[in-house]
Amino acid sequence: MPTSWNRLPRVTHARLIELQDRNAGLPDTDSPLLAWGNGRSYGDVCLNDGGTLLLTQGMDRLITFDRNTGVLDCEAGIMLGDILRWCLPQGWMLPVVPGTQWITVGGAIANDVHGKNHHVAGTFGRHVLEMELLRSDGERLLTSPTVNAELFAATIGGLGLTGLITRVRLRMIPANNELMLTEGIPFGHLDAFWELNDRIGGEWPYTVSWIDCVARGRRLGRGVFLAGRHAPPQPAGVRLPQWRDHSRSIPFDLPFSLLNRHSVRGFNALYYRVARSSGRRLQHYQPYFFPLDGIRNWNRVYGRKGFYQYQCVLPREHAREGIRALLRRIATSGQGSFLAVLKTFGDMPSPGLLSFPRPGVTLALDFSNHGSLTHRLFADLDDMVSSAGGALYPGKDARMSVTMFRRGFPQWERFATFVDPAFSSTFWRRMNP
Ligand SMILES: Cc1cc2nc3c(=O)[nH]c(=O)nc-3n(C[C@H](O)[C@H](O)[C@H](O)COP(=O)(O)OP(=O)(O)OC[C@H]3O[C@@H](n4cnc5c(N)ncnc54)[C@H](O)[C@@H]3O)c2cc1C
C-alpha cells in the first residue's frame, strides 16, 4: 500500500490504479479519487483511506523542450531528478527544487513546493506557464495565470483536490554547468544567524541554515549557514568535482528508532565541528541540493512507529522572538532530531490559494513518534505558531487541528469551491469533519 514519507498515518485500504496514458479518462468508481506522485509528502495529503489512488508515475514523458527559451512541456508524473539529469547538461536548471529530487512535477505543483532560493525565485508554482487539468466530469481544462486563472490558482498548492494534472508547461532557468559554488558559514547562536542572514543572505541565490536543535543556553540556535550559487563556466582541462550515485539504502524497517537523545546530540556536535572547516568550494549540484537522497529509505531509521515533520512559517515581524521560543521549547523537550532547517522566505507572492510559503521565516524538523509525549510538545508549538500569526505546512502534516488549518489558510473556503466533487484525501476529510 503506498505510504507517505513519514509513514504516518497508516492507511490500510485503498484501491490502486496505475495511470500510463495522459489522454485516457479517469476511472469510473464510486470511491473518492486522489493522485499519488511519489509519496514524498509527510502526512496525509497524498493518502486516501478507503478511496482510490491514481498512481501517476507511468505518465512520465518529456513532451517538448525549447533549448533557446528553456520552456519545457512534460507529463505530470515525471520526477524532478529525471528532468535535471536531462536538462542540466544542456544548460537549463529547474527554477525551484525542494530537498529531494524524487518528487513528481504534479506533486511539486500540488504542494507548491519551495527551495533554497525562495527569496529570489518564489515557489515552484510561479514558474508554471500552463497545465492541463482532467476533471471527473471528463472535461480537460487548460489553465494558466490568464486562462481559467482562478482554477489555476486553486490547483497550485491545491493538494491534488481540484482534479488530475496531466500535462505541464514550465519555464526553466539557465545554468552554465552542473556545478555549484557553495559556502558553509557556522554561527554560534541564534542572534548570529539573524546578523548573518541580514548581512549576506541577499548576496546568494540559494541559502538555508542547519540548526542544532539540541543546543541550549548560550548556544541556542547554533548552526551552519549554507549558501550557494550556480558556478561560472569552468576553464577547459581543469579537474572538476564529479558525482557518482553511491547512494546506500537502509534495507529493511527497523523495529525501533535508531535516534535518541544521545545519538542526535553526538551527530549534531560532529556536524557542527565538520561544517566549521567547510569554507567555500565547488560542488556537484547533487550533494548540494539533495544531501539526504544519498541514503535511500532514510525514513526507516525512525523505526516502525514512523515520525513526524513539524514545519511552520512565522511572519517576519514575529520571527525573531517566535523562533527563539520554538527552539527553546524543542531543546528542553529533548525530542528534536538532526534534520532542523531554518530558511527565510522572500516577498514574492505564492500563486496558489492554499500555498504555504509567505514572507517570513520557516522552521522544519523531524521528530520520532513518541505518541502522547510528542503530541503534547506539538500542542505547545502550535500555540506559539498561532499566537505569532503563523501557519503549518499541509504537505508536512499528519495532525494539525481544523482551527489551525483554517487560521493559517484564510482562503480555504474560496478554495473549497474549486474542489472536484469526485476528489478527496485523508487530509481533506480530516480538515472537513
Ligand atoms: C527529504 C525531503 C525533503 C523535502 N524538502 C522539501 C522542501 O525543501 N520544500 C518543500 O516544499 N517540500 C519538501 N519536501 C516535501 C515534498 O517536496 C512534497 O511533499 C512534494 O509535494 C512531494 O511530491 P510527490 O511527487 O512525492 O507527491 P505526493 O507526496 O505523492 O503527493 C503530494 C500531493 O500532490 C498531489 N499530486 C501528485 N501528483 C498529482 C497530479 N498529477 N495531479 C494532481 N495532484 C497531484 C497528491 O494528491 C498530493 O496531494 C521534502 C520531502 C522530503 C522527503
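One structure accompanies this document, and this report is about it. (Residues numbered from 1 in each chain as written. Predicted model: local features only at pLDDT ≥ 70, side-chain atom pairs only at ≥ 80, totals over all residues.)

To continue, consider the overall build of the protein. The helix and strand tally for the protein stands at 12 helices and 20 strands. In terms of C-alpha radius of gyration, the protein reaches 21 Å, essentially the compact-globule figure of 22 Å for 433 residues. For the C-alpha atoms alone, the extent of the protein along its principal axes is close to 60 × 60 × 45 Å. Put simply, the protein has 433 residues, and 46% of those count as buried. Put simply, 77% of the contacts in the protein that link residues at least 6 apart link residues at least 24 apart. (Helix = DSSP H or I, 4+ residues; strand = E, 2+ residues; numbered from the N terminus. Rg over C-alpha atoms; globule rule 2.2 N^0.38 Å. Buried ≥ 20, exposed ≤ 12 C-beta atoms within 10 Å, placed from the backbone. Contact = placed C-beta atoms within 7 Å.)

Spatial ordering of the open sheet is given by E15-E11-E13-E12-E18-E19-E17-E20, a layout of eight strands whose pairing is antiparallel. The sheet terminates laterally at strand E15 (279-284) and strand E20 (391-392), the two strands that pair on one side only. Where helix H9 (residues 372-387) meets the sheet, its contacts fall on strand E17 (307-314), strand E19 (360-368) and E20, and the angle it forms with E17 comes to roughly 10°. (Pairing = 2+ DSSP bridges. Axes fitted to C-alpha atoms, helices over the stretch in contact; angles between N-to-C directions.)

With that settled, consider the site of the ligand. Close contacts around the ligand come from 33 residues, with Gly37, Pro98, Gly106, Gly107 and Gly160 the closest. Elements supplying a minimum of two residues to the shell around the ligand: strand E2 (33-36), helix H2 (105-110) and strand E9 (164-171). For the shell around the ligand, the element with the highest residue contribution is H2, accounting for four residues. For the shell around the ligand, the class distribution of residues is 16 nonpolar, 16 polar and one charged. (Near = placed C-beta within 6 Å. Nonpolar A, V, L, I, M, F, W, Y, C, P; charged D, E, K, R; others polar.)

Now for the sheet that holds strand E3 (residues 52-55). Spatially, E1-E3-E2 is the arrangement adopted by the three strands of the open sheet, whose pairing is parallel. If you trace the sheet from one side to the other, it starts and ends with strand E1 (15-18) and E2, each paired once. Strand-to-strand twist in this sheet, taken as the mean axis angle between neighbours without regard to direction, amounts to 30°. Pairing geometry for E1 and E3, over four bridges, is parallel. Bridge assignment links Ile17 to a residue of E3, and that residue is Leu54.

Mapped onto the secondary structure, Ser263 falls in helix H6 (residues 261-276). For the pair Ser263 and Gly160, spaced 103 residues apart in sequence, the C-alpha separation works out to 37 Å.

The subject of this paragraph is the nonpolar core. Judged by nonpolar contacts, the single largest core of 63 residues is most densely connected at Leu54, Leu80, Leu94, Val105, Ile109 and Val168. Other than its neighbours up to four places away in sequence, Val105 contacts Cys74, Ala76, Ile78, Leu80 and Val168. (Core = buried A, V, L, I, M, F, W, Y, C linked by C-beta atoms within 7 Å.)

Quick look at the pairing of E17 now. Summarising burial for E17: eight of the eight residues are buried, a large majority. Residues Phe307, Gln309, Gln311 and Val313 of E17 are buried on one face, and the alternating residues Tyr308, Tyr310, Cys312 and Leu314, pointing to the opposite face, are buried as well. Here eight bridges tie E17 to E19, and the two strands are oriented antiparallel to one another. Its bridge partner lying in E19, Cys312 is registered against Leu363. Here E17 pairs with E20 via two bridges, running antiparallel. Along E20, the bridge assignment pairs Val313 with Ala391.

The α-helix advances 3.6 residues per turn, and as a result positions three or four apart in sequence lie on the same side. Relative to the 26 Å expected for 18 residues at 1.5 Å per residue, helix H8 (residues 316-333) spans 25 Å between its end C-alpha atoms, a close match to the ideal helical length. At Gly322, H8 shows its largest bend, some 35°. Of the positions making up H8, those classed as buried are Ala319, Gly322, Ile323, Leu326, Leu327 and Ile330. Contact partners of the buried residues in H8: helix H5 (190-200), E17, E19 and H9. Of the residues one or two after H8, Gly334 is the one with positive phi, at around 70°. (Expected span 1.5 Å × (residues − 1). Bend = angle between axes of the 7 residues up to and from the residue.)

What follows concerns unusual backbone geometry. Cis geometry is found at the peptide bond from Leu8 to Pro9, where omega equals -5°. Take Pro9: it is sitting in the segment before E1. Phi is positive for Asp112, which is not a glycine, with a value near 40°. Counting through the fold element by element, Asp112 comes out in the loop between H2 and helix H3 (118-121).

Turning next to the environment of Ser337. As for its placement among the helices and strands, Ser337 is situated in the loop between H8 and strand E18 (341-345). Residues Ser337 and Ile156, 181 residues apart in the sequence, show an inter-C-alpha distance of 31 Å.

Another point: the packing of H8 against H9. Interhelical geometry of H8 versus H9 gives an angle of 170° and a closest axis separation of 10 Å. One way to sum up the angle between H8 and H9 is to call them roughly antiparallel. On H9, the residues that touch Gly322, Ala325, Leu326, Arg329 and Ser333 of H8 are Leu377, Asp380, Leu381 and Met384. When its residues are assigned to classes, the contact of H8 with H9 shows five nonpolar, two polar and two charged. (Parallel < 35°, antiparallel > 145°, perpendicular 65-115°, else oblique.)

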